[in-house]
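# What the coordinates show
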Amino acid sequence: MLRSTISSLVPRATSVARHMSNAAKLTTVEINDVTGIATLTMNRPPVNGLNLELLTDLNNSIQEIEDNKSRGLILTSSNPTIFSAGLDILEMYKPDKERLKAFWTTLQDVWLALYGSAVPTAAAINGHSPAGGCLLATSCEYRVMLPKFTIGLNETKLGIVAPKWFMSSFLSVLPRRVAERALNQGRMFTTDEALRNGLIDEVANSKEEALAKCAEFIGSFSKVNPLARSLTKQQLRAAELSELENERAQDLEKFIFFVNQPAVQKGLGIYLENLKKKSKN
Amino acid sequence: MLRSTISSLVPRATSVARHMSNAAKLTTVEINDVTGIATLTMNRPPVNGLNLELLTDLNNSIQEIEDNKSRGLILTSSNPTIFSAGLDILEMYKPDKERLKAFWTTLQDVWLALYGSAVPTAAAINGHSPAGGCLLATSCEYRVMLPKFTIGLNETKLGIVAPKWFMSSFLSVLPRRVAERALNQGRMFTTDEALRNGLIDEVANSKEEALAKCAEFIGSFSKVNPLARSLTKQQLRAAELSELENERAQDLEKFIFFVNQPAVQKGLGIYLENLKKKSKN
Amino acid sequence: MLRSTISSLVPRATSVARHMSNAAKLTTVEINDVTGIATLTMNRPPVNGLNLELLTDLNNSIQEIEDNKSRGLILTSSNPTIFSAGLDILEMYKPDKERLKAFWTTLQDVWLALYGSAVPTAAAINGHSPAGGCLLATSCEYRVMLPKFTIGLNETKLGIVAPKWFMSSFLSVLPRRVAERALNQGRMFTTDEALRNGLIDEVANSKEEALAKCAEFIGSFSKVNPLARSLTKQQLRAAELSELENERAQDLEKFIFFVNQPAVQKGLGIYLENLKKKSKN
């Protein structure tokens, strides 16, 4: 039985209002009464493109789940074929200076919050998961994926260089040799290839099964001291987390400089033009 | 044919006296005449709990083996079902301040000596090997284990955070993804699981076979220049070793602070109470 | 259809002269007209021993390939049974001070150029590949090897300690546990063992097949943005590259000090004496 986080936390009188504001949000958080596990669903049609608003909602939802003392977090998508298509290109094309800054800063926030989360995290990857989608999935501790989708950091195919912290999550999951080659190639792994290489941990035949397997993984911590667990996790991830924390300003500057290159703007323009043509067919 | 290190190194006249003092020691060192390999046996009933005295003897024995120019070191246990149960909880419960300091400092010494040992090292894991027991085993270069036992860093199950240097040894043996998850879960691997994941290198059906396989591993260095070998090993392990060497004082302080938390003392009290009840049944 | 880099780059009038100077070179570079891939062949009989001249030519050839905007670099040997036997011992035995300095500095240059190369790199390992030969092979991004040869960093068997940056390439390819043990043992992997452990990526039955498989690997980047690709690769390899760049002087000093040890000179003398005897039989 599922109920929304909000209704479980605020007095009944305000719960309707909160639900209403919730309706405008691009993420939903539901907490299972029995297991105490929170399911965080991305819900920004058509492809869960990570724009400033979705990232802001993701960040707030992760914070909410931490504050709720949930038993764990499962990240998934409301879209039946796409987990997340990654960063929303529109944020980078002819960008507003201030919004671009907020966009990248919020992406940094989301990664720091998710990769460094105190609660156990798992991704139910119920659709394609390129680039930023793969970043979110590999920032979780466990990955269950549905068949016949693809996952990977394909930035080089888009003419982009994934920042070091995108690579951190990826390198923490895959052997160095496999990770380096895949990053250079911009390789998208099929579900089977992802399983064989360890990029995902299990395959499930439906979203429900994926959520159940994620919940089972989170259940493996039931006899573990939560504080000792979160300190252990944070100690293991401290090097990568502080690397970004110490370089946030430079990382932002680098991104802004990159986006504003005429060649990049031109490339993004062509890319968006092609997308438009495709969607007309 | 085995003889004790001591009798081989000191003049006959003093050998009786040394054997007597040896009898009080919690470790024994035997050097094989033919192979030149030293077997270091932990012998502190009932479970080779690592207290100040056992750690001191371990440290001295490792030093002795280094000084003897032994061909290699095999670490094992005199107990037929327990390699080592890890740190002796009694050292941490209502501790004497000075003894607690000596206890942790000696544990640091043992790890630095064993992980950084100039001679080839192997563990014949002839029993369960949780927490500190696993630390000792993973600090060796090779592990042979008997069937139906368990091994792992299960600190989070005890409400404890393994220090970074406990994790170093573990991470040097297992893939990052496997190591991180196991550390978070406080996972104990069965002999089979340990083999499959690379936490151990071989399975043996008896202690004798385990010792023989360890000796065979050490024999693989027979055509290797010992100085070049030890410099190579130390270069590979330098980063982890200096990390602790540079932070010994802070690491000690952190441990003392942690142990003296009322919640930790309470937890240890309950744990010891349960142990007492169990041993009465 | 293959043509030499030189003839494709310089006006016809000078091409003969360049070919002549090329004839004295210990490396050749051929660029495939169709694929744009450069094949860099080591050609210093009898065993492609890495002396100052071969290293200088290697360095220049790598530079040439980078400057040519080649699509990729395949490193191979003109010798049918030896890829490269590693560093030429004669450079280290009773060395001239200035030449020794130039020798080691050029070796550093070659590694920095090859490991950090902007173009995709692959090694067609058509013969034995010990020590420095293995260093060159593992500095490439992909390795295809012919059956019944051996590869490894066997320095400890020669009484030598491989420098940290030799180990960097090795550790980027193999799991830490396997790499550390192999380095300590000075282990030479057979083609089969190398494949099983991931030290090589594929086996080919002839040099032609090996070159074709390397070209196929390089072709996997055909839909990848070359600039994004090379920045991604360099970001992944930056830590190891800067480690040497920042320590070149100390690394050189260490090597010179080591080589001039009387024990090392004596060892090299005996080794060379044995080689002479062997070659007489």
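Each remark here, short or long, concerns the structure printed above.
A brief look at the structure comes next. (Residues numbered from 1 in each chain as written. Chains lettered and ligands numbered in written order. Predicted model: local features only at pLDDT ≥ 70, side-chain atom pairs only at ≥ 80, totals over all residues. Heavy atoms only, no water.)

## Description of the interface of chain A and chain B
- Tallying the contact residues gives 24 residues for chain A and 18 residues for chain B.
- Of the roughly 1700 Å² buried between chain A and chain B, counting both surfaces, carbon and sulfur atoms make up 54%.
- Taken as a group, Thr232, Gln235 and Leu236 of chain A account for 36% of the area that chain A buries against chain B, more than any other trio of residues on that side.
- Our count for the contact surface shared by chain A and chain B stands at 4 salt bridges.
- On the surface where chain A and chain B come into contact, there are 12 residue pairs in polar contact (both at pLDDT 80 or more).
- For the side of chain A that touches chain B, the secondary structure elements donating two or more residues are helix H6 (164-173) and helix H10 (226-245) of chain A.
- Of the residues forming the side of chain A that touches chain B, the biggest block, 9 residues, is contributed by H10 of chain A.
- Of the residues in the side of chain A that touches chain B, the class split is 10 nonpolar, 6 polar and 8 charged. (Contact = heavy atoms within 4.5 Å. Buried area = accessible area lost by both parts, 1.4 Å probe. Salt bridge = Lys/Arg side-chain N within 4 Å of Asp/Glu carboxyl O. Polar contact = N/O pair within 3.5 Å; in protein donor to acceptor, adjacent residues only side chain to side chain. Helix = DSSP H or I, 4+ residues; strand = E, 2+ residues; numbered from the N terminus. Nonpolar A, V, L, I, M, F, W, Y, C, P; charged D, E, K, R; others polar.)

## A closer look at the relation of the copies chain B and chain C
- Once chain B has been moved 0.0 Å along the axis and rotated by 120°, it coincides with chain C to within an RMSD of 0.0 Å. As the rotation angle and translation indicate, the two copies are arranged about a three-fold axis. In terms of C-alpha distance to the rotation axis, chain B has Pro175 of chain B as its closest residue, with the C-alpha 4.3 Å off the axis. (Least-squares fit on C-alpha atoms with pLDDT ≥ 70 in both.)

## Things to note about the sheet that holds strand S8 (residues 150-152) of chain C
- Strand order across the open sheet formed by 3 strands is S6-S8-S9 (chain C), with mixed pairing between neighbours. With partners counted over all chains shown, the strands left at the sheet margins are strand S6 (129-130) and strand S9 (189-190) of chain C, one partner each. (Pairing = 2+ DSSP bridges.)

## Things to note about the environment of Lys254 of chain A
All names here are of chain A.
- As for its placement among the helices and strands, Lys254 is situated in helix H11 (residues 248-259).
- In this structure Lys254 comes out as exposed when scored by relative accessible area, which is 57%.
- A sequence separation of 151 residues divides Lys254 from Phe103, and the C-alpha atoms of the two residues are 14 Å apart. (Buried < 20%, exposed > 50% of the residue type's maximum accessible area, 1.4 Å probe, protein only.)

## Here's the deal with helix H10 (residues 226-245) of chain B
All names here are of chain B.
- Compared with the 28 Å implied by 1.5 Å per residue over 20 residues, the 24 Å span of H10 between its first and last C-alpha is markedly short.
- Bending of H10 peaks at approximately 60° at the position of Ala238.
- Every buried residue of H10 is listed here: Ala228, Arg229, Ser230, Thr232, Lys233, Gln235, Leu236, Arg237, Glu240, Leu241 and Leu244.
- The N-cap residue of H10 is Asn225: its side-chain oxygen and the backbone nitrogen of Leu227 are 3.0 Å apart. (Expected span 1.5 Å × (residues − 1). Bend = angle between axes of the 7 residues up to and from the residue.)

## Considerations on the side chain of Glu66 of chain C
Residues and elements named next belong to chain C.
- Mapped onto the secondary structure, Glu66 falls in helix H3 (residues 52-67).
- Despite its burial, Glu66 pairs with no opposite charge; the closest candidate is Lys233, at 6.6 Å N-O.
- Among residues more than four places away in sequence, those in contact with Glu66 are Ala113, Ser117, Ala118 and Val119. (Lys, Arg positive; Asp, Glu negative; His and termini not counted.)

## Things to note about the pattern of salt bridges
- Taken as a whole and judged by the stated rule, the model has 51 salt bridges over all chains.
- We note a salt bridge from Glu180 of chain A to Arg237 of chain C, for which the minimum N-O separation is 2.6 Å. Placement of Glu180 of chain A in helix H7 (residues 176-185) and of Arg237 of chain C in helix H10 (residues 226-245) is noted, with the two residues assigned to different chains.
- One salt bridge connects Asp201 of chain B with Arg181 of chain C, and the closest N-O pair in it is separated by 3.0 Å. Here Asp201 of chain B, found in the loop between helix H8 (191-197) and strand S10 (202-203), pairs with Arg181 of chain C, found in helix H7 (residues 176-185), and the two come from separate chains.
- The class for Asp201 of chain B is buried, based on a relative accessible area of 14%.
- Classification of Arg181 of chain C by relative accessible area gives buried; the value is 16%.
- In the salt-bridge network here, residues are joined through shared partners; they are Arg143 and Asp201 of chain A together with Arg177 and Arg181 of chain B.

## Thoughts on the packing of helix H4 (residues 97-115) of chain A against H11 of chain A
Residues and elements named next belong to chain A.
- Two elements in contact, H4 and H11, have axes separated by 10 Å at closest approach and are oriented at 135°. Between H4 and H11, the crossing angle belongs to the class labelled oblique. Judged by the twist between their axes, the crossing of H4 over H11 is right-handed. Of the residues in H11, those touching H4 at Leu100, Lys101, Phe103, Trp104, Thr105, Gln108, Asp109 and Leu112 are Arg248, Asp251, Leu252, Phe255, Ile256 and Val259.
- Split by residue class, the contact of H4 with H11 holds 8 nonpolar, 2 polar and 4 charged. (Axes fitted to C-alpha atoms, helices over the stretch in contact; angles between N-to-C directions. Parallel < 35°, antiparallel > 145°, perpendicular 65-115°, else oblique. Left-handed = near helix turned anticlockwise from the far one by under 90°.)

## Here we look at the packing of aromatic side chains
- For the structure on display, the rule yields 27 aromatic pairs over all chains.
- Consider the rings of Tyr142 of chain A and Phe217 of chain A, whose centres lie 4.2 Å apart with planes at 10°: the pair is stacked. Taken together, the positions of Tyr142 of chain A in the loop between helix H5 (132-139) and strand S7 (143-145) and Phe217 of chain A in helix H9 (residues 207-219) put the pair 75 residues apart, joining distant regions of the chain. Judged on exposure class, the residue Tyr142 of chain A and its partner Phe217 of chain A are both buried.
- Aromatic rings pair up to connect Phe103, Trp104, Trp111, Tyr115, Trp165, Phe166 and Phe255 of chain A into one cluster.
- If you follow Arg237 of chain B out to its NZ or CZ, it ends over the ring of Tyr115 of chain B, 4.1 Å from the centre.
- Geometry around Phe221 of chain C places Arg229 of chain C over its ring, the cationic atom sitting 3.8 Å from the centre. (Phe/Tyr/Trp six-rings, centres within 6.5 Å; stacked < 30°, edge-to-face > 60°. Lys NZ or Arg CZ within 6 Å of the ring centre and 35° of its normal.)

Read these as geometric descriptors, not functional statements.
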